Every structure is written in structure tokens, then in C-alpha cells.
Protein chains: 2
Amino acid sequence: MKGKKGPYKVILSEKEVPTSWYNILPDLPAPLPPPLHPVTREPCTPEDLAPLFPMELIKQEVSEEGYIEIPEEVLAIYKLYRPSPLHRAYRLEEELDTPAKIFYKNESFSPPGSHKPNTAIAQAYYNKIEGVKRLTTETGAGQWGSALSLACKFFGLDLKVYMVKVSYEQKPYRRTMMETWGAEVVPSPTDTTNAGRAALADDPANPGSLGIAISEAAEDAVTHEGSKYSLGSVLNHVCLHQTIVGLEAKAQMEKFGEYPDIVIGCVGGGSNYSGLAFPFMQDKLKGKDVRFISAEPVACPTLTKGKYEYDYGDEAATAPIVMMYTLGHKFIPPAIHAGGLRYHGDAPILSLLTNKGYMDAVAYPQTQIFDAAMTFARTEGMIVAPETAHAVKCTIDEALKCKESGESKNILFNLSGHGLLDLGGYGEYLAGNLVD
Amino acid sequence: MKGKKGPYKVILSEKEVPTSWYNILPDLPAPLPPPLHPVTREPCTPEDLAPLFPMELIKQEVSEEGYIEIPEEVLAIYKLYRPSPLHRAYRLEEELDTPAKIFYKNESFSPPGSHKPNTAIAQAYYNKIEGVKRLTTETGAGQWGSALSLACKFFGLDLKVYMVKVSYEQKPYRRTMMETWGAEVVPSPTDTTNAGRAALADDPANPGSLGIAISEAAEDAVTHEGSKYSLGSVLNHVCLHQTIVGLEAKAQMEKFGEYPDIVIGCVGGGSNYSGLAFPFMQDKLKGKDVRFISAEPVACPTLTKGKYEYDYGDEAATAPIVMMYTLGHKFIPPAIHAGGLRYHGDAPILSLLTNKGYMDAVAYPQTQIFDAAMTFARTEGMIVAPETAHAVKCTIDEALKCKESGESKNILFNLSGHGLLDLGGYGEYLAGNLVD
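Residues numbered from 1 in each chain as written. Chains lettered and ligands numbered in written order. Predicted model: local features only at pLDDT ≥ 70, side-chain atom pairs only at ≥ 80, totals over all residues. Heavy atoms only, no water.

(A) Structural context of unusual backbone geometry. Of note, the bond from Arg82 of chain B into Pro83 of chain B is cis; its omega dihedral lies within 30 degrees of zero at -10°. With respect to the helices and strands, the residue Pro83 of chain B is situated in the loop between α3 (72-78) and β4 (86-88). Going from Ser188 of chain B to Pro189 of chain B, the amide bond is cis rather than trans, its omega being 10°. The phi dihedral of Ala317 of chain A is positive, around 60°, even though this residue is not glycine. Inspection of the secondary structure assignment puts Ala317 of chain A in the loop between β12 (307-312) and β13 (321-326). Here Val234 of chain B, not a glycine, exhibits a phi torsion of approximately 70°, which is positive. Checked against the element boundaries, Val234 of chain B lands in the loop between β9 (227-229) and α11 (236-256). (Helix = DSSP H or I, 4+ residues; strand = E, 2+ residues; numbered from the N terminus.)

(B) Just the sheet that holds strand β7 (residues 158-164) of chain A, in detail. Residue and element names in this part refer to chain A. Spatially, four strands are ordered β8-β7-β6-β9 in an open sheet, and the strand pairing comes out parallel. Each end of this open sheet is capped by a strand with a single partner; those strands are β8 (184-188) and β9 (227-229). Across the sheet, the mean angle separating the axes of adjacent strands is 25° when strand polarity is ignored. Of the strands in this sheet, β6 (134-139), β7, β8 and β9 touch helix α10 (residues 210-223), which is tilted by about 170° from β6. (Pairing = 2+ DSSP bridges. Axes fitted to C-alpha atoms, helices over the stretch in contact; angles between N-to-C directions. Contact = heavy atoms within 4.5 Å.)

(C) View of the relation of the copies chain B and chain A. With an RMSD of 0.0 Å, the operation that places chain B on chain A is a rotation of 180° combined with a shift of 0.0 Å along the axis. Both copies are brought into coincidence by an operation consistent with a two-fold rotation axis. Of the residues that chain B buries at the interface, 100% are likewise interface residues in chain A, meaning the two copies contact each other through the same surface. (Least-squares fit on C-alpha atoms with pLDDT ≥ 70 in both.)

(D) A look at the interface of chain B and chain A. The interface is formed by 45 residues belonging to chain B together with 46 residues belonging to chain A. Carbon and sulfur atoms supply 62% of the area that chain B and chain A bury against each other, a total of about 3,900 Å² over both sides. Across the contact surface, chain B and chain A share zero salt bridges. In this assembly, chain B and chain A are joined by 14 residue pairs in polar contact (both at pLDDT 80 or more). Where the side of chain B that touches chain A is concerned, the elements lending two or more residues are α3, α6 (143-155), α8 (172-180), α15 (366-380) and α17 (423-430) of chain B. Per-class residue counts for the side of chain B that touches chain A are 25 nonpolar, nine polar and 11 charged. (Buried area = accessible area lost by both parts, 1.4 Å probe. Salt bridge = Lys/Arg side-chain N within 4 Å of Asp/Glu carboxyl O. Polar contact = N/O pair within 3.5 Å; in protein donor to acceptor, adjacent residues only side chain to side chain. Nonpolar A, V, L, I, M, F, W, Y, C, P; charged D, E, K, R; others polar.)

(E) Region of the structure containing the packing of aromatic side chains. Residues and elements named next belong to chain A. Taken as a whole, this structure holds 30 aromatic pairs over all chains when the rule is applied. Measuring from centroid to centroid gives 5.3 Å for Tyr125 and Tyr126, while their planes differ by 65°, and the two rings are edge-to-face. For Tyr125, a relative accessible area of 11% gives the class buried. Of the residues examined, Tyr126 reaches a relative accessible area of 5% and is grouped as buried. These aromatic residues form a ring-pair network of at least three members: Tyr104, Phe376 and Phe413. Seen from the ring of Tyr168, Arg175 lies directly overhead, with NZ or CZ sitting 4.1 Å from the centre. (Phe/Tyr/Trp six-rings, centres within 6.5 Å; stacked < 30°, edge-to-face > 60°. Buried < 20%, exposed > 50% of the residue type's maximum accessible area, 1.4 Å probe, protein only. Lys NZ or Arg CZ within 6 Å of the ring centre and 35° of its normal.)

(F) Local environment of the environment of Gln60 of chain A. All names here are of chain A. If you trace the backbone, Gln60 turns up in helix α2 (residues 55-62). Note on Gln60: relative accessible area 3%, which makes it buried. Counting along the chain gives 176 residues from Gln60 to Asn236, while the straight-line C-alpha distance between them is 7.5 Å. What Gln60 contacts, discounting residues up to four positions off in sequence, is Trp21, Leu25, Ile68, Tyr126, His237, Leu240 and His241. Side chain to side chain, Gln60 and Tyr126 meet in a polar contact 3.1 Å long.

(G) How the structure looks around the domain arrangement of chain A. Residues and elements named next belong to chain A. Under the domain assignment, chain A is made up of domain 1 (9-19 + 82-114 + 243-430) and domain 2 (21-69 + 116-229). At the junction of the two partners, domain 1 supplies 46 residues and domain 2 supplies 41 residues. Roughly 3,400 Å² of surface becomes buried between domain 1 and domain 2 when both sides are summed, with 67% attributable to carbon and sulfur atoms. Summed over the shared surface of domain 1 and domain 2, the number is one salt bridge. Across the salt bridge formed by Asp422 and Lys171, the nearest N and O atoms sit 3.1 Å from each other. Inspection of the region where domain 1 meets domain 2 yields 14 residue pairs in polar contact (both at pLDDT 80 or more). Contributions of two or more residues to the side of domain 1 that touches domain 2 are made by α11 (236-256), α12 (271-284), β12, β13 and α14 (348-355). Looking at the side of domain 1 that touches domain 2 element by element, the count peaks at five residues for α12. Grouping the amino acids of the side of domain 1 that touches domain 2 by side-chain chemistry returns 27 nonpolar, 12 polar and seven charged. (Domains from an automatic or database assignment.)

(H) Geometry of the pairing of strand β10 (residues 262-266) of chain A. All names here are of chain A. By the criterion of burial, β10 is predominantly enclosed, with five of the five residues buried. In β10, alternate side chains face the same way, and those of Ile262, Ile264 and Cys266 on one face and Val263 and Gly265 on the other are all buried. As judged from the five bridges shared by β10 and strand β11 (residues 291-297), these two strands associate in the parallel manner. When the bridges of β11 are listed, Cys266 appears paired with Ala295. Crossover connection from β10 via α12 to parallel β11: handedness right-handed. (Right-handed = clockwise from strand over helix to strand, strands pointing away.)

(I) Layout of the pairing of β13 of chain A. All names here are of chain A. The buried fraction of β13 amounts to six of the six residues, a majority that puts the element mostly inside the structure. As judged from the six bridges shared by β12 and β13, these two strands associate in the antiparallel manner. Paired with Glu309 across the strands is Met324, a residue of β13.

(J) Here's a closer look at helix α16 (residues 386-405) of chain A. All names here are of chain A. In this model, α16 (20 residues) spans 29 Å end to end at C-alpha, consistent with the 28 Å of a helix rising 1.5 Å per residue. Burial analysis of α16 places 14 of its 20 residues in the buried class, which makes it a mostly covered element. Trailing α16 by a residue or two, Gly406 shows a phi angle of about 80°, which is positive. (Expected span 1.5 Å × (residues − 1).)

(K) Main features of the layout of surface pockets. Its volume calculated, the largest pocket comes out at about 1,200 Å³. As for the largest pocket, its lining consists of 47 residues, and the residues nearest its centre are Tyr8 and Lys9 of chain A together with Glu14, Lys15 and Lys79 of chain B. Only β1 (9-10), α4 (90-96) and α15 (366-380) of chain A together with β1 (9-10), α3 and α6 of chain B provide two or more residues apiece to the lining of the largest pocket. The greatest single-element share of the lining of the largest pocket, amounting to five residues, is contributed by α3 of chain B. Residues of the lining of the largest pocket, tallied by class, amount to 20 nonpolar, six polar and 21 charged. (1 Å grid on protein atoms, 1.4 Å probe; cavity = no way out; pocket = protein on both sides within 12 Å on 5 of 7 lines; lining within 4 Å. Points joined across faces, edges and corners; volume = space filled by probe spheres on them.)

Right, dumping it as C-alpha cells:
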């Protein structure tokens, strides 16, 4: 370490935690195309969505309020793991010998290990106060399923998780985590839903996919009294709840006396990146010069190779049709380690901002993101999730561009989750067995 | 949650992090019996220890200074994960319906997931500045080995870890973590040391033990130029470095406006508990009324069933002989999930304080500590390490005693590590397959 450094990180006091979420909808540069009913193809009404979601979340989905107050019960649980630290990555900067300043918001300290509880806790709360007794959801790699398991445990809701079968078999630790917090976890496709039975009829050895699991979970919710469905990404209200990340980060950057020139995040459905980016995007939409970059896998290149069009959110084409970048709702990406980035579409808000030129996107192959993750682990110590490693790779690339140009830019990325339950991927990498 | 609560946790600012460790040696109620040379049985001289440790650590081992300044280079790395939060466990209190106030110091946010880096970083630093090029160590469950791997990576030291063979095979994730941070990891017993070969000659299928691995690592260090050995618990300098935990906790309790009536920790070699307890013990030694309880497994009941006598620190009887509670250096405990609590002895300082009546000890069977861990996970969210679960069990027991007596005691325990790489144990528990 050259010379005296500091501060290494900024942690807000409990009193400084934001008490409202930032709603970007009224600030968007163009109206968001409405979701359409999957059968009628007419704009969805609140009544169309009511079998799936509680009314408060449906309202948030289209709210024109600039800020929405976080309920006290939600804040109380946030305080288990929030506020999260924002670090300056001095060691990574030195390793890269770059004049750039690198900052990262660390969302890995929640009990399930990622940003996902920020919305899980809010969703469980709104369901609870509207009398819902039971939630259903899907999970791929397991981050979302475990976050919702924790949230449901806190609010006394039952939860059934449809876990993509191949992950169910490969990730017993994630399943155990969900069961520890009281959820019922089943491998999808199951033979207990029409969507599942259809998938099994086509292929009895079907390994499952996120699209099928969504279809199963949604069907379960609408066919069971007292049940609703919960989604961990993509939707406007999910992005809204995640803005706690960016609101904290903004206050923390201010305490560093800095403002980011570039804001980076990995994108699957878009929730962690929306959460970090939107409070800064608010400034860009008012004219501030900030660059935004989404990092995604080449194996599922939604923003870099997808089309901006109306598509179904799920494989069985029963969920609302939304305007987004999509690879097609039948697209099944290869089984990369970044299971959380394997969704065929993207959050409509993020898609709109990308389409209008407010955000850029890049895609990386798996071996390159593990190279970046290794560099990060050996300088900053943290072992990041393979999903997060996409943001790390993008950050390193931008920092190296600064080295070439001599510019001292401020780069901020979202460390959305740790990789402690993904060490199998690191093991393959170290053994030289990892392929793109 | 009944009524309005707060604060849920206290986090010190980076500036409030203690800059010295607390050395309990000059405050002890009786002189610590000196370590003896394993062959001559005479008190060890600094020269006896020099082949194993750098001189600064040997000095710290017998220092009479009340506080020892933390080097700036060590503080800089501490700031990656320190200061750690101190939480008030409101949800656990409500679940137990106890008038007790429960607090926990959360040491699980370091990159390897436990308190172990507090001493690993300091040890790597002192070795580095004395020109050491390479360290050797042993590890059981892997927490210590991964902490030292991280520390050696930061200071550019090579590291060879002798990992107890049964853990090496059962815990590939811990091995991958160590390799991610650049360490060489081998299953012990190996055929590359006399101690290892002797163990294999007795039993070619020897599953290994911490005692054998210590013998191998120490032998490797003294027979290789430029190498020293590093131990993660037991020794005075290790307990010294861990006092950062208790010093922070004291400042945090003060911010809560409280002082603990009972201080609890799990004990294997004794490092995490010493770290939390000693700064509070300083007050007890001056007359303050505080109770201290060590929690250990019935499978390795060193403090509750062991003898207070001189014994070897390692299985091959080549390490110094120290005065401690011990089950005998040939004792091999059953393969409980709390691998970090399977050492036959205990820190000499902790043993002395226990023997003189300043500390109590309790022992729990494995099923009971997992019951407690489940209660904790379902109220406070955190999935704790099986080692830490012993402290949770003790805390719950004491809180329930308060419920009976109606006393509103303040209970503080050390959440020494998370259990994310121990979810196999939780899985066995949930499946009903866990035995004592």
C-alpha cells in the first residue's frame, strides 16, 4: 500500500438509513409501455394482476409518486443487515495501477448473502397486511428463494419455492438454507401443476428452467385460496424496493466527497443494478454527466443481442406480456455458474432506459468473469458471486481504460452478493476445467 | 415486534476502531505458568521458540505492556471488514419471551467468515517485516486456514496448509477458498514429514487430526529455510490480537447505554472467546460483577471434564508443553460438525482464569446446539457456524433462566462465524439424521 489511505469505507449510522424508496417512473424520459394481458393483449388492469399480487404492490407498479415511504416494519428488518458499507477498493486500484478511483457498494452481508431481501421483506410485508397466508415463487440459483424464505419466516407466511430442478440437485446448500428458514422447496418441473406436467410430457427428464418455474409458481398461487405469487426481479415494484441500495450509496459517496462518473452492475432481470443505478439516473435525467453500464453474460445476452419488443415473462406464456429486451420466452441459456443472470428478458424500466440511450450494456464470457473475480478476491479479499463477477470484470475494464487515457474517473459498482455457495465454480476455475 | 425498538445495532465509525490490543497478562490474578521445552521440560527461552515464530510475536507472548499498538499496515487490512457490528437480538428476546436483553458481536463479515483474520493478518505482518518468506499451518474445519491464506496473500507470503484429511475430503469449498487466496493445501497426514509418516505407518487410512496436522506444519517450518509456523488459537499473542473484538464491543455496549452481566462465547482453543471476554475481564479483575461462561461440546469437554495440567500442544509431542485444561494430547474427539472446537487443550490464559474461578464452563451435545442455531436463524436471520451455535445455546439457556427469575440481565455473546459452509450440518438436522 502506497502512503496513508482513508477512509476505506463509509457506513451510515442507523439513523441515516433512507426511509423512502425512490420511484423513477415519474422521471422517465418517455412513458413506460403498459404490460398487456397474455390472452386479450389489452393493457393489464389492476384486477388482472390481483390474483397474483397484493393491491399495494400493484399500485406501486404504476405509481407516479417520486418517493414511497418504507413501512416501519420493513425498516425494522432492514436494520438486521442495513445500512450496507460502501468501500473504496484501494488494493484493486493499486493492482491495476490505474488513476481511477474504484468504489463498491457491498450488498453481500444480508443473511442470504445478496441484495434480494431488500424487496423480499417489502413484498412479504405487503402481502401480510392484506391478509395473504401463503406465497409461491420460483428460484434458479437460489438467492431469491432464500431471501423470500427469510422474509416469509419473519412475517409468518408459508412459502412454496419451485426451484429449477438442475439447481435443486446441484445446490443442496441453497435448498437447506431455504428449509432452515421454513420454506417448502420442490424441484421444478413438478407433476402438481399444468405447466409442470406439460413440460414433463414433452421431456420426462426436463432439467427445468426459470421460465417453467415461474409458470408453475404463478399457477399454484392463482389456484390456491389465500395464496399470492412473488417475483424477485424485473417488475417496477421490485426495482423500486432495491433503490435503498442507490440511495444509501449516494449518501456514502457524498461522505467520500465524490460522485461516480460510471455506475456499473450485473444484469439478469435487472433488480440489483436498477437499485444502485436509479438514484444516480435521477441526476442524469436532469442533465448530469454520468455513464451507466450493465454487464451480462454472453450466454444470455439480453441487452446486447436481444430485441426490444413485447414478450411473455414466462415460458408457458401465462404471465403478462411486457415491453423489454428479450431473447424470446422459450430461450434456454446454457448452465453457466451465474445462474441469476439466465433470465430471457429484462426489467421494462431498465430496457426503456437502455433503448433510449441512457444506459450501455456489455457481455462477457464465463472464463473472463472468473479471471476478474480472482483478481478481486486476491486484492479486496471478498469472494463474489459469479453474477457479481460480471460487474467486477466491467469495472476492471473501465479502470484499465482510465490507465490508458490517464483519466482519474470515479467508478462505482454493486457487489450484489458473495460467492460462498458458488465456490464450486471457483474450484472448476482453479482446476482449469471452466469453459465458456 | 412489540412497540418501537432501537437501535438494532451499533456500528463504530472507522475512526472509532481501537488502535491498540489489550494485553491481559499484567492484569492476571496469578502468574501464568511458563511453557516448557518438550524435551528438556525447562521453561522455554525466546531462542527455543525462534525457529517457529518471529521475535515480535515471541515478545508479545510474554509482554507486560497493558496495551500493544496495532501496526498501521494491520489496521489498514482490518478496515476491509472492521469495525464489526454489535446487534441487539430483539426478535430472539421476543421468541423466548425473556426480560433479558441479548446482544451479539458479529464477527462473521470478514471474507473467510469468522474472527480468525484478526490474528492471521497480524501474524502475517510480523512475519513479513522480519523477512519470513513462507508460513506453514494446520487447519481442521478450514476457518483458520482460510483466514491465514487471505492474510498471506495480502503480505505476499507463501503458505502451506496441512488440512485434516477427513475435512479436506468433506469440505472442498473451504479448500477452494484457501486456493483462491493462493495457498497450497494438502491432506494431513502426508508422507512428506516424519510426523505424517509415523501416523500413516500406524494406520495407512488415518483420517487425520488437528494434533497430527500441527506436528506436520511445525516440522515443515523448522526444516525449511525462510519458513515459520503460525497457530490460530491457544497462544497468548493470538488471544491478544483477538481483543480487538472485545474492545470494539465495549465501546458499542457503551453506545447502547448498557454493560453486560454475562459474557458468553464458544471455546475450542479459546481465541474468539478470549477476544470478546478479556476487555470485560479487565473490569472484573478490578472488582466489577460480570459473569463469564465458555460453551464447549460434550464431545470435546476440555474445560468441563479436562485436567488442569502441563500437556503437549500437539499429537507428536514436539510443541512446547503448556499448563492448560486438557483431555490429553492423544485425545481424538468424534467428528462433530463443530470442527473448530475439537482441540484437546485450551488457551493457557483462559485455563488459568477458569481454574481460579473467574470463568465458568458448560458443555452441550450436538443436537441441542443445532436446536439453538435453528431458533436463532428463524428469529435473527443469521445462519451461524456450529461452533458459534454453542454460544447461542448458552445464551438461550441464560435468557430462559432470566425468564424464570424475572431478572432483566444483559447477555452478550460472540457470533464468531457464519455457517454458510456448514449447511451440510443443518441439512442433516432438518432431515432428522443428526446424532450427538
